[in-house]
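Geometric and topological summary
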Amino acid sequence: MVGVLVLVGVSVGLFVSQKKPQVVEQTKKTDELGAIPTVDSSTTVTLVAQPGNKEMILKSAGIPKDTSSVDYELSYDTKGQGKQGVIGTISTIENNGFEKQMTLGTCSSGRCVYHEVVGAIQVTLRFTGEYGEKVLSKEFEL
C-alpha cells in the first residue's frame, strides 16, 4: 500500500513539473502626461548666497505668463548629514518674477541648525498655470 502511494505521488509530481508555466501579461503603467516641458530661455533663476552660506535668496524672472504658483526644490550634499534639501511653493508672483529667502538648515523654537553644504546646489522650479506645467533646473556652486 505504501509503495502505491509513493508511486502515485511521484507520478503526480512528474505531471505537475512537466506542465508549461502560465504566462500572465502585465500592462505597463505609463505616465499619461509624459515629460514636463522646460520653460524657454527668457525665464531665469539665480541663487545668491548670504554671508556664511547659511541663508540663500532664490530669484526668478521672466516667468511664463499666467503662472499661478511655483514649486521649488533645492537639493545638496552636506558634511555629516548626507543629502538634504529645501522645498516649498511660491504663490505670490509679481512682475513675472519672485524672490524668496530661505535657510539651508532647520529651525525650531527660534534655534537653527545649519547645514554645511558640500558641492553644488541643484535648483528645480516647477511652474504651474493655465498652460499646464513647465520646469527649470539649474545647478549652482557656492
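Report on the accompanying structure. Source: prediction; values computed, not measured.

Let's talk about unusual backbone geometry
Positive phi, close to 70°, is recorded for D66, a residue that is not glycine. Here D66 falls in the partly exposed class, since its relative accessible area comes to 42%. Even without a glycine there, the phi angle at N96 is positive, about 55°. One can find N96 in the loop between β4 (82–90) and β5 (97–103). Overall, the relative accessible area of 41% leaves N96 in the partly exposed class.

Remarks on the nonpolar core
Counting 22 residues, the largest nonpolar core has L58, L74, I121, V123 and L125 as the members making the most contacts within it. For this core, the secondary structure elements donating two or more residues are β1 (44–49), β2 (55–61), β3 (67–78), β4, β5, β8 (117–129) and β9 (132–141). Once you skip the residues sitting within four places of it in the chain, L74 turns out to touch L47, L58, Q84, G85, V86, M102, L104, I121, Q122 and V123.

Quick look at the environment of V113
Within the secondary structure, V113 is located in strand β7 (residues 111–114). The class of V113 is partly exposed, set by a relative accessible area of 36%. Each C-alpha atom of the pair V113 and K54 lies 9.5 Å from the other, and the pair is 59 residues apart in sequence. If we ignore the near neighbours within four places in the chain, the residues touching V113 are Q81, G105 and T106.

Let's talk about the sheet that holds β4
Taken together, four strands build an open sheet; the order of strands is β4-β3-β8-β9 and the sheet is antiparallel. Either end of the sheet is taken by a strand with one partner, and the two such strands are β4 and β9. Each adjacent strand pair in this sheet contributes to an overall mean axis angle of 15°, direction not counted.

Focus on the state of the cysteines
One pass over the structure, following the stated rule, counts one disulfide. For C107, the disulfide goes to C112, at an S-S distance of 1.9 Å. Since a negative S-S torsion denotes a left-handed disulfide, the C107-C112 link at about 110° is right-handed. Looking at C112, the relative accessible area reads 30%, which means it is partly exposed.

Looking at the environment of Q50
Tracing the backbone shows Q50 in the loop between β1 and β2. With 53 residues separating them along the chain, Q50 and T103 place their C-alpha atoms 9.9 Å apart. Setting aside chain neighbours within four positions, we find Q50 in contact with E55, M56 and I57.

Some words on the packing of aromatic side chains
Each aromatic ring pair is described using two quantities: the centre-to-centre distance and the angle formed by the ring planes. Tallied over the full model, the rule gives zero aromatic pairs. The ring of Y131 has K134 sitting right over it, with the charged end atom 5.3 Å from the ring centre.

Points about the pattern of salt bridges
Two side chains with opposite charge may pair up if their charged atoms get near one another. Counting across every chain of the model gives three salt bridges. Residue E116 pairs with K79 through a salt bridge whose shortest N-O separation is 4.0 Å. Of this pair, E116 sits in the loop between β7 and β8 while K79 sits in the loop between β3 and β4, and the two are 37 residues apart along the sequence. Of the charged contacts in the structure, one is a salt bridge between E133 and R126, with a shortest N-O distance of 3.9 Å. On the basis of relative accessible area, E133 is assigned to the partly exposed category, the value being 29%.

Cut-offs applied
Residues numbered from 1 in each chain as written. Predicted model: local features only at pLDDT ≥ 70, side-chain atom pairs only at ≥ 80, totals over all residues. Heavy atoms only, no water. Buried < 20%, exposed > 50% of the residue type's maximum accessible area, 1.4 Å probe, protein only. Helix = DSSP H or I, 4+ residues; strand = E, 2+ residues; numbered from the N terminus. Core = buried A, V, L, I, M, F, W, Y, C linked by side-chain atoms within 4.5 Å. Contact = heavy atoms within 4.5 Å. Pairing = 2+ DSSP bridges. Axes fitted to C-alpha atoms, helices over the stretch in contact; angles between N-to-C directions. Disulfide = S-S within 2.5 Å. Phe/Tyr/Trp six-rings, centres within 6.5 Å; stacked < 30°, edge-to-face > 60°. Lys NZ or Arg CZ within 6 Å of the ring centre and 35° of its normal. Salt bridge = Lys/Arg side-chain N within 4 Å of Asp/Glu carboxyl O.

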